[in-house]
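Chain and residue survey
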Amino acid sequence: MRIYSEIGVQVADVLLPKKGIDLRKWATIACDQFTSQPEYWEQVAREVGDAPSTLNLILPEVYLGKPEEMERIQTAQKTMRRYLDDGIFEVYSGLIYVERTVMGKTRHGLILALDLEKYDYSPGSQSLIRATEGTILERIPPRMRIREGAALELPHILVLIDDPHRTVIEPISQHANALIPLYDFELMQGSGHLKGALITDLNLEKQIIKSLEHLAAPQVFYPKYGVGNEKGVLLFAVGDGNHSLATAKACWEKLKPCVGMHHPARYALVEIENLHDPGLVFEPIHRVLFGIKQSPVSALAHYFGETGVTIADCPNAEAMENMVKNQSSNDQMIGIVSPQGFATAAIHKPTSNLPVGSLQAFLDDWLKQGGAEKIDYVHGEEALYHLSRQEGNCGFYLPAMDKNELFKTVILDGVLPRKTFSMGEAIEKRFYVEARKII
């Protein structure tokens with residue numbers, strides 16, 4: 001393991017299953033996907049069967065709060081130790097370059113470990129590694145139950161760098177002779193193709209680190225964003241898996257007084273991606289309310305006032321989507337999906353700079369008043385429409401955020417409203433393949 005402390009990077013010892021293990025069955029999508037679609041996870045379980053799989057090492061969040069939650073956690077932790085004892089892993093020390101092709105797009109990433117001492121998810125943080133969205137503190141303890149006592153971590157965290165000149169990740173593909181192929185296979189459930197290769201050339205590693213250090217240099221950072229040194233340098237912005245990284249941080253802070261500063265749990269394994277990768281598309285995260293107690297449309301009108309919002313019916317989903325995507329006035333436009341059909345809400349007096357922020361403020365207030373039993377955050381129109389058209393439910397369709405605004409917005413304004421954007425649709429999310437020992 002090598003540590004580049006100035007930029008909070010550790011070149012980690014990564015565990016991968018030995019040759020002969022079916023990687024298609026081994027790899028599982030991020031645990032926080034398909035949280036309202038248990039049938040997805042049931043299909044995965046049937047496909048995996050008795051084969052070694054990361055499915056046996058995680059808790060899909062569809063089971064959070066369910067009677068079997070604790071049993072699943074205990075089983076996952078026992079299976080981690082059994083896999084280690086059975087010797088199913090090979091250890092690889094180095095950065096890992098990955099390519100993921102799905103839905104006609106290829107994304108490029110780099111697997112490394114980040115120093116949790118340089119990460120702070122609290123509002124107003126100026127840390128080198130920073131959350132991009134608000135962290136819901138009550139979501140951390142259930143996840144701590146999973147990580148505490150676990151022998152392994154499996155990363156689904158995707159961290160962004162703002163590298164418009166493509167100096168960090170993109171040049172790696174030009175050094176094929178410095179890479180050792182690790183895996184190359186089709187992912188399950190139509191989630192595309194994944195390739196990974198180990199970087200063994202120390203000169204290439206140093207080139208990558210030097211490029212990261214350049215992005216973090218104050219003389220580069222401050223002019224780039226037009227800010228002064230009252231702002232801290234932001235090198236790594238958490239794109240996906242913010243609550244997982246926050247959980248790793250909380251566990252580390254709890255463990256640190258007992259073990260000192262030189263412990264594997266100080267670091268968290270992540271994949272970094274370039275914000276400017278053409279294969280990376282920001283998708284909106286829609287909202288679905290379950291068990292509606294009163295009309296959300298009436299509540300929306302009441303919340304923003306008679307002159308604050310205009311509700312208009314739409315003949316179909318396509319018309320609603322076009323209205324939201326092509327909004328040209330200063331109003332904020334969102335779509336409404338219910339068993340009764342489709343509509344739009346034009347918010348004339350928004351409470352946030354982004355439509356998602358104005359909507360979320362209303363939903364938080366309405367849920368506190370008991371307007372619905374629960375809320376879920378879903379990726380993709382298909383899931384939104386399937387769930388929202390069911391009796392007793394209602395959904396909200398949101399526009400996508402411009403990804404080029406991400407870093408500057410976080411630097412200037414702080415974290416975005418939670419669940420503002422998604423790095424691709426649900427099937428494009430990161431799969432668990434690699435692992436790292438944290439004991």
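Structural data are supplied above this passage.
For the rest of this paragraph, the subject is empty space enclosed by the protein. Summary: where empty space remains is shown by rolling a probe the size of a single water molecule over the atoms. Enumeration over the complete set of coordinates arrives at four cavities of 30 Å³ or more. Empty space within the largest cavity amounts to approximately 390 Å³. Lining the largest cavity are 23 residues, with Ile146, Arg147, Leu154, Ser244 and Tyr432 sitting closest to its centre. Among the secondary structure elements, those contributing two or more residues to the lining of the largest cavity are α4 (140-147), β10 (152-153) and α7 (242-259). Looking at the lining of the largest cavity residue by residue, the class counts come to 16 nonpolar, three polar and four charged. One number sums up the size of the second largest cavity: a volume of about 250 Å³. In this structure, the second largest cavity is lined by 22 residues; those nearest its centre are Asp32, Asp240, Gly241, Asn242 and Lys419. Counting residues per element, the ones that place at least two in the lining of the second largest cavity are β14 (236-240), α7 and β22 (421-423). Tallying contributions element by element places α7 first for the lining of the second largest cavity, with three residues.

Another aspect to go through is the pattern of salt bridges. Taken as a whole and assessed by the stated rule, the structure comprises 20 salt bridges. Residue glutamate 434 is joined to arginine 430 by a salt bridge in which the shortest nitrogen-to-oxygen separation is 2.9 Å. The pair formed by glutamate 434 and arginine 430 is uniform in burial state, with each residue classed as buried. Overlapping salt bridges bring together Glu117, Lys249, Glu253 and Lys256 as one network.

What follows deals with the packing of aromatic side chains. Applying the stated criterion to the full structure yields 13 aromatic pairs. The interplanar angle of 5 degrees and the centroid separation of 4.3 Å between the aromatic rings of phenylalanine 282 and phenylalanine 421 together place this pair among those described as stacked. Placement of phenylalanine 282 in strand β16 (residues 282-292) and of phenylalanine 421 in strand β22 is noted, with a sequence separation of 139 residues between them. Overall, phenylalanine 421 belongs to the buried group, its relative accessible area being 4%.

It is at 9 Å that the axes of α4 and α7 come closest, and there the two elements cross at 70 degrees. By the criterion of interaxial angle, the relationship of α4 to α7 is roughly perpendicular. In the crossing of α4 with α7, the sense of the turn from one axis to the other is right-handed. Together, Ile140, Arg143, Met144 and Arg147 of α4 and His243, Ala246, Thr247, Ala248, Ala250, Cys251 and Lys254 of α7 make up the contact between the two elements. Of the residues contributing to the contact of α4 with α7, the split by class is six nonpolar, two polar and three charged.

What counts as what
Residues numbered from 1 in each chain as written. Predicted model: local features only at pLDDT ≥ 70, side-chain atom pairs only at ≥ 80, totals over all residues. Heavy atoms only, no water. 1 Å grid on protein atoms, 1.4 Å probe; cavity = no way out; pocket = protein on both sides within 12 Å on 5 of 7 lines; lining within 4 Å. Points joined across faces, edges and corners; volume = space filled by probe spheres on them. Helix = DSSP H or I, 4+ residues; strand = E, 2+ residues; numbered from the N terminus. Nonpolar A, V, L, I, M, F, W, Y, C, P; charged D, E, K, R; others polar. Salt bridge = Lys/Arg side-chain N within 4 Å of Asp/Glu carboxyl O. Buried < 20%, exposed > 50% of the residue type's maximum accessible area, 1.4 Å probe, protein only. Phe/Tyr/Trp six-rings, centres within 6.5 Å; stacked < 30°, edge-to-face > 60°. Axes fitted to C-alpha atoms, helices over the stretch in contact; angles between N-to-C directions. Parallel < 35°, antiparallel > 145°, perpendicular 65-115°, else oblique. Left-handed = near helix turned anticlockwise from the far one by under 90°. Contact = heavy atoms within 4.5 Å.

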